[in-house]
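Structural features, examined
Read off the chains here:
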Amino acid sequence: MDEIFSKQITYRIKNQRLKKGFSQLYMAIELGISQNTYSRNERNIKKIPLDRLFKIAAILDTTPAILLGG
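1. Some details on the pattern of salt bridges
Using the criterion set out here, one finds 2 salt bridges in the structure. Between Arg17 and Glu42 there is a salt bridge whose closest N-O contact spans 2.8 Å. Separated by 25 residues along the polypeptide, Arg17 in helix H1 (residues 3-20) and Glu42 in helix H3 (residues 35-42) bring together distant segments of the chain. Given the relative accessible area of 6%, Arg17 is considered buried.

2. Remarks on helix H4 (residues 50-59)
Where H4 is concerned, the buried positions are Arg52, Leu53, Ile56, Ala57 and Ile59. End-on, the buried residues of H4 take up no more than an arc of 160°, which puts them together on one face. Counted as exposed and oriented over 90 degrees from the buried face of H4: Leu50 and Ala58. The inward-facing, buried residues of H4 contact H1, helix H2 (24-31), H3 and helix H5 (64-68). Asp61, located one to two residues past H4, shows a positive phi value of around 55°.

About the cut-offs
- Residues numbered from 1 in each chain as written.
- Predicted model: local features only at pLDDT ≥ 70, side-chain atom pairs only at ≥ 80, totals over all residues.
- Heavy atoms only, no water.
- Salt bridge = Lys/Arg side-chain N within 4 Å of Asp/Glu carboxyl O.
- Helix = DSSP H or I, 4+ residues; strand = E, 2+ residues; numbered from the N terminus.
- Buried < 20%, exposed > 50% of the residue type's maximum accessible area, 1.4 Å probe, protein only.
- Arc of directions from axis to C-beta.
- Contact = heavy atoms within 4.5 Å.

In structure tokens, the structure reads:
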């Protein structure tokens, strides 16, 4: 995945999360991962697996397409 495209996705995820008022810890718990791993995903340090992107979209009550920029 292109670095700029990947950063845009993580920006959209963070933006949606903040709009919902969710913390990184809340997201991590819902995803069954550590807060550190979630933070690394959101900061684009660690790539987000596709299945996790679908779970994130569901938690944020949006679609993967929106997070991907569609």
